[in-house]
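This is what each chain is made of:
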Amino acid sequence: MSDINFDSGYKLHGNPFSTNTRRVLAVLLEKGLSYEPIAVDLKTGEHKKEDFLRLNPFGQVPVLEDGNLKLSESRAITQYIAYVHSSRGTQLLNLQNHETMGILTMWMEIEAHQFDPLASKLTWELVIKPLYGLETDHTVVKENEACLEKVLDVYEKRLGESRFLACNTFTLADLHHLPNIQFLLGTPTKRLFETRPKVRNWVHEITSRESWKMACDPEKSWFGNQRK
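Predicted model only: the values in this text are computed from it and were never measured.

A. The arrangement of the overall build of the chain in detail. Within the chain, the regular secondary structure consists of eleven helices and four strands. A compact globule built from 228 residues would reach a C-alpha radius of gyration of about 17 Å, and the chain, at 17 Å, matches this within 12%. Principal axes of the C-alpha set define a box for the chain whose edges measure 45 × 45 × 30 Å. Looking at the chain residue by residue over its 228 residues, the buried ones come to 49%. Here the contacts in the chain between residues at least 6 apart in sequence split such that 69% fall between residues at least 24 apart.

What follows is the structure in structure tokens.
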């Protein structure tokens, strides 16, 4: 993680407990970029009100403002930041040649379409619903865990060939997994990661990064950065 000493001028609209907001925070911190966090109260539905809908008509966090440019979708934002600041901090885009670019892009797509739908449903059932006093649907949990096991079997094989998913260095393909993994480590679903040695080591390495620890600490990554 780079020292935070470069004023990017970014404004980040989001919530420090949101998985998608944390995904963007992790990249900003890996790059050592300052930013102005603007809290969006999800519990009161602020993200569905007119003022926020002007930023993102789909009513979802986060939104990144870079001057007149407004970006939504956390993975689009992370790629934008990583590309704009490619010479700074952690090299999160492995674009040495067509082959490395293709492998990186493939694993980012695998995370988005194979891992995330299952992990997000499990996070909703096991973490978010209890916070709102809602009952966990254990049938949904069982079904999604069974599917996630198959995905993690593929990961176990891949991580026997490479230290990280896209290559032997930490990239966005790994980083994008962090928010849901972090929440699931506090649930019984943790066993799916723990029972696969290569996956277990990978999870330990990526969740131990200083940037991610800071992203998960609202006092450091959010409230401590708000401008008075």
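B. The arrangement of the pattern of salt bridges in detail. For the structure on display, the rule yields 15 salt bridges. For K129, the salt bridge is made with E125, and the minimal N-O distance between the two is 3.1 Å. Of this pair, K129 and E125 both sit in helix α4 (residues 98-131), four residues apart, which is roughly one turn of the helix. Like E125, K129 is buried. We note a salt bridge from R163 to E205, for which the minimum N-O separation is 2.3 Å. With R163 in the loop between α5 (138-158) and α6 (172-175) and E205 in helix α9 (residues 197-207), this residue pair connects regions lying 42 residues apart in the sequence. What you see here is one network of salt bridges that share partners, running through R23, R75, E111 and D116.

C. The arrangement of unusual backbone geometry in detail. The residue after V61, namely P62, is reached through a cis peptide bond having omega 5°. Within the secondary structure layout, P62 lies in the loop between α2 (50-53) and β3 (63-66). Phi angles above zero are rare outside glycine, and E73 is one such case at about 75°. Note that E73 resides in the loop between β4 (69-72) and α3 (74-84). When its relative accessible area of 47% is taken as the criterion, E73 is described as partly exposed.

D. Expanded view of α9. Residues V199, W202, V203, I206 and T207 constitute the buried set of α9. End-on, the buried residues of α9 take up no more than an arc of 115°, which puts them together on one face. Along its buried surface, α9 packs onto α5, α6, α7 (178-184), α8 (190-194) and α10 (210-215).

E. Representation of the pairing of β4. Two elements, β3 and β4, share four bridges in a ladder whose sense is antiparallel. Looking across to β4, one finds that D66 is bridged to L69. In sequence, β3 turns back onto β4 through a hairpin of two residues, with G67 there showing a positive phi of about 65°.

What counts and what doesn't
Residues numbered from 1 in each chain as written. Predicted model: local features only at pLDDT ≥ 70, side-chain atom pairs only at ≥ 80, totals over all residues. Heavy atoms only, no water. Helix = DSSP H or I, 4+ residues; strand = E, 2+ residues; numbered from the N terminus. Rg over C-alpha atoms; globule rule 2.2 N^0.38 Å. Buried < 20%, exposed > 50% of the residue type's maximum accessible area, 1.4 Å probe, protein only. Contact = heavy atoms within 4.5 Å. Salt bridge = Lys/Arg side-chain N within 4 Å of Asp/Glu carboxyl O. Arc of directions from axis to C-beta. Pairing = 2+ DSSP bridges.

Keep in mind these numbers describe shape, not what the thing actually does.
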